[in-house]
Amino acid sequence: MTPTPKQLTAIKAAVFVLALVPLARLVWLTLAGALVEPLQFITRSTGDWTLYFLCITLAVTPLRRLAKWNWVLKLRRMLGLYAFFYALLHFMTFLWFDHFFDVAEMLKDVAKRPFILVGFIAFVLLIPLAVTSTNAMVRRLGGKRWLWLHRLVYIVAPLGVLHFWWMKAAKHDLAQPLLFVAIVALLLGMRVWWAREKQANPTAQDRGQTRRV
Ligand code: HEM
């Protein structure tokens, strides 16, 4: 299946709008006063969507290779930027609505709930990826360096899962974190497998793992 350029534009527009639905829902529920604990709901919802978008972004390459859908690469940058966008909202909720920029209070909270620090590290590592997501930055860095930098996402996703796991471990509720451990392990495991395959057979055609759109 290869969409025409027109269809691809339509798919991109649809993904762009769909990715905003969780935010629209949050705004709607908050303004309608439908949330019992708005702060908790917003923090959790934006955290969830950060993790979902990280996984969806990581699923692009496997989908492309397994289904031979090369065009999905054209969605990767947008999906990655949405992961960053929801992470930013998640972080701002913590910084602004939860602690009103009170650094001492934040540090106290981090001391009490160290899983927050893991989330913070994951967020900080996402910043260079968002900043260098433009074509101009790809050119400036050069393909190889850009690629190496963007491999940071292989650290960000496990850190996001660890953050989630740690939070839920305190509540002895590990069903969802386990699911994400499995998803991220599968998505990263496939890359390890392909890298080994390539090492064992270096003459094989590079099936575009490193291609940038
Ligand atoms: C890539 C970065 C991050 C990811 C993937 C992420 C993901 C998540 C997820 C999935 C949850 C649980 C949501 C649920 O229970 O359904 C969560 C909770 C939470 N996150 Fe993050 N997070 C990230 C970064 C951060 C940062 C930067 C902070 C703050 C400095 C933060 C603070 C929190 C807090 C305080 C909670 C718990 C909310 C509560 O107890 O109700 N996270 N995060």
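All of these numbers come straight from a predicted model, not from anything done at the bench. (Residues numbered from 1 in each chain as written. Predicted model: local features only at pLDDT ≥ 70, side-chain atom pairs only at ≥ 80, totals over all residues.)

*Asks:* What should I look at first to understand the overall build of the protein chain in this one?
*Replies:* Across its full length, the protein chain carries 10 helices and zero strands. Of the regular secondary structure in the protein chain, the N- to C-terminal order runs α-α-α-α-α-α-α-α-α-α. Taking 17 Å as the expected radius of gyration for a compact globule of 213 residues, we find that the protein chain reaches 19 Å, a close match to that expectation. Taken along the three principal axes of its C-alpha coordinates, the protein chain extends 55 × 40 × 35 Å. Counting every position in the protein chain, which comprises 213 residues, the buried fraction comes to 20%. Pairs at least 24 residues apart make up 66% of the contacts formed inside the protein chain by residues separated by at least 6 positions. (Helix = DSSP H or I, 4+ residues; strand = E, 2+ residues; numbered from the N terminus. Rg over C-alpha atoms; globule rule 2.2 N^0.38 Å. Buried ≥ 20, exposed ≤ 12 C-beta atoms within 10 Å, placed from the backbone. Contact = placed C-beta atoms within 7 Å.)

*Asks:* How should I be thinking about the site of the ligand in this particular structure?
*Replies:* Lining the immediate environment of the ligand, one finds 23 residues, of which Gly47, Gly119, Ala122, Phe123 and Gly160 sit closest. Elements that contribute at least two residues to the shell around the ligand include exactly helix H3 (38–67), helix H4 (73–98), helix H6 (115–131) and helix H9 (153–169). Sorting elements by how many residues they give to the shell around the ligand places H3 first, with eight residues. Here the residues of the shell around the ligand sort into 13 nonpolar, eight polar and two charged. (Near = placed C-beta within 6 Å. Nonpolar A, V, L, I, M, F, W, Y, C, P; charged D, E, K, R; others polar.)

*Asks:* I'm lost on H4 in this one. Help?
*Replies:* Quick reminder: α-helices carry 3.6 residues per turn. Residues three or four places apart thus point the same way. Taking 1.5 Å as the rise per residue, H4 with 26 residues should run 38 Å; its terminal C-alpha atoms sit 37 Å apart, in good agreement. The largest bend along H4 reaches roughly 25° and is located at Met92. Phe100 sits one or two positions beyond H4 and adopts a positive phi of about 45°. (Expected span 1.5 Å × (residues − 1). Bend = angle between axes of the 7 residues up to and from the residue.)

*Asks:* In this structure, what is going on with the UniProt feature "domain: Ferric oxidoreductase" (unreviewed entry) in the protein chain? I would like to understand it.
*Replies:* Sites flagged by UniProt as "domain: Ferric oxidoreductase" (unreviewed entry) map to residues 47–160. Helix makes up 85% of residues 47–160 and strand makes up 0%, while its end C-alpha atoms are separated by 9 Å. (UniProt positions renumbered as here; feature names shortened; annotations may be inferred.)

*Asks:* Looking at this structure, I do not really get the UniProt feature "transmembrane region" (unreviewed entry) in the protein chain. What am I missing?
*Replies:* UniProt feature "transmembrane region" (unreviewed entry): in the numbering of this structure it lies at residues 48–67, 79–97, 117–136, 148–166 and 178–194. Helix makes up 100% of residues 48–67 and strand 0%, with an end-to-end C-alpha separation of 27 Å. For the annotated span residues 117–136, helix accounts for 85% and strand for 0% of the residues, and the straight-line distance between the end C-alpha atoms is 32 Å.

*Asks:* Just checking my understanding: could you explain unusual backbone geometry for this structure?
*Replies:* Working note: non-glycine residues mostly have negative phi, and peptide bonds are mostly trans. Here the phi dihedral of Phe100 falls at roughly 45°; this positive angle occurs in a residue that is not glycine. You can see Phe100 is positioned in the loop between H4 and helix H5 (103–112). Positive phi, normally seen in glycine, also occurs at His172, with a value near 50°.

*Asks:* Help me out: how do you make sense of the confidence of the model for the protein chain in this one?
*Replies:* Of the residues in the protein chain, 95% reach a pLDDT of 70 or more, and the chain-wide mean stands at 94. Residue range residues 208–213 is modelled with pLDDT below 50. Its contacts to residues more than four positions away, or to other chains, number 10 contacts. (pLDDT = per-residue confidence, 0-100.)

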